[in-house]
Amino acid sequence: RHTRFRNVTGVQTCALPILLSGFVLAYAHGEDFRRDGLGAYPHFIGRRVARIFPVWLAVLALFVLKHRSFDLSQLLVYAVLAQAWSGEASQLVNPPSWSVSLEWAGYLLFPLIAFAPLRIASRGQAVAVVIGLLVVLAAGYALDDGASLYDDERLYALRFVCEFAIGIALWR
């Protein structure tokens, strides 16, 4: 028998890339943060800005050129990649940009999100952290009247933080 994927959305397919992002960032920068603490942050965030903002600002500029009428305050929220932070992700510019917005939040909060997972000393602790984060995801699902974590924009940030932290914990 073949497995069928029904009703799979772009939101659902982002779980693995978010998890991998946490893993790769921990792999690439985890030791810097463990060794230097917040002293590693300026170099880290500078590299992240150089990676995502040139392309993002080009996309935003194309949107402005194409549509010419827009709400300036909303455009500024998009310019700093904060559109998905409120739990009411807007669809004004490139609807999948919610994931880039949350990735940017992950970069900004990396030292905070990674603080505990980067201090994991054993596989047992890593497994405990992953299980704990999965419980948090399940609780978010249950507390939202069983709505899907993948369909409720208010839960995108919860999903992102948990999946990102799971990736970091798996690196340890």
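Residues numbered from 1 in each chain as written. Predicted model: local features only at pLDDT ≥ 70, side-chain atom pairs only at ≥ 80, totals over all residues. Heavy atoms only, no water.

Novice: What am I meant to see in the pattern of salt bridges here?
Specialist: Pairs can form between side chains of opposite charge once their charged atoms are near each other. The full count for this structure, using the stated rule, is four salt bridges. Here Arg-34 and Glu-31 are joined by a salt bridge, their closest N and O atoms 4.0 Å apart. Taken together, the positions of Arg-34 and Glu-31, both in helix 2 (residues 15–36) and three residues apart, correspond to about one turn of that helix. Between Arg-35 and Asp-36 there is a salt bridge, with its nearest N and O atoms 3.1 Å apart. Given the relative accessible area of 39%, Asp-36 is considered partly exposed. Salt bridges sharing common partners tie together Asp-32, Arg-35 and Asp-36. (Salt bridge = Lys/Arg side-chain N within 4 Å of Asp/Glu carboxyl O. Helix = DSSP H or I, 4+ residues; strand = E, 2+ residues; numbered from the N terminus. Buried < 20%, exposed > 50% of the residue type's maximum accessible area, 1.4 Å probe, protein only.)

Novice: How do you make sense of the packing of aromatic side chains when you look at a structure like this?
Specialist: Any aromatic ring pair is given by two values, namely how distant the centres are and how the planes are angled relative to each other. This structure, assessed with the given rule, holds ten aromatic pairs. Each ring, one from Tyr-41 and one from Phe-44, has its centre 6.4 Å from the other, and the planes form 35°; the classification is tilted. Placement of the pair is Tyr-41 and Phe-44 together in helix 3 (residues 41–67), with a separation of three residues, close to one helical turn. Here Phe-110 and Phe-164 contribute two aromatic rings whose centre-to-centre distance is 6.2 Å and whose plane-to-plane angle is 80°, an arrangement assigned as edge-to-face. On the criterion of sequence distance, the pair formed by Phe-110 in helix 5 (residues 97–114) and Phe-164 in helix 7 (residues 156–171) is long-range, its members being 54 residues apart. Judged by relative accessible area, Phe-110 falls into the buried class, the value being 0%. When its relative accessible area of 0% is taken as the criterion, Phe-164 is described as buried. (Phe/Tyr/Trp six-rings, centres within 6.5 Å; stacked < 30°, edge-to-face > 60°.)

Novice: What exactly am I supposed to notice about the nonpolar core here?
Specialist: Nonpolar side chains tend to gather and get buried jointly when the protein is soluble and globular. By size, the foremost hydrophobic cluster in this structure holds 40 residues, and its most contacted members are Trp-56, Trp-104, Tyr-107, Phe-110, Leu-118, Phe-164 and Ile-168. Only helix 2, helix 3, helix 4 (72–79), helix 5, helix 6 (123–143) and helix 7 provide two or more residues apiece to this core. No other element matches the nine residues that helix 7 contributes to this core. For Phe-164, the contacting residues outside a window of four places in its chain are Ile-18, Ser-21, Gly-22, Leu-25, Glu-103, Gly-106, Phe-110 and Ile-113. (Core = buried A, V, L, I, M, F, W, Y, C linked by side-chain atoms within 4.5 Å. Contact = heavy atoms within 4.5 Å.)

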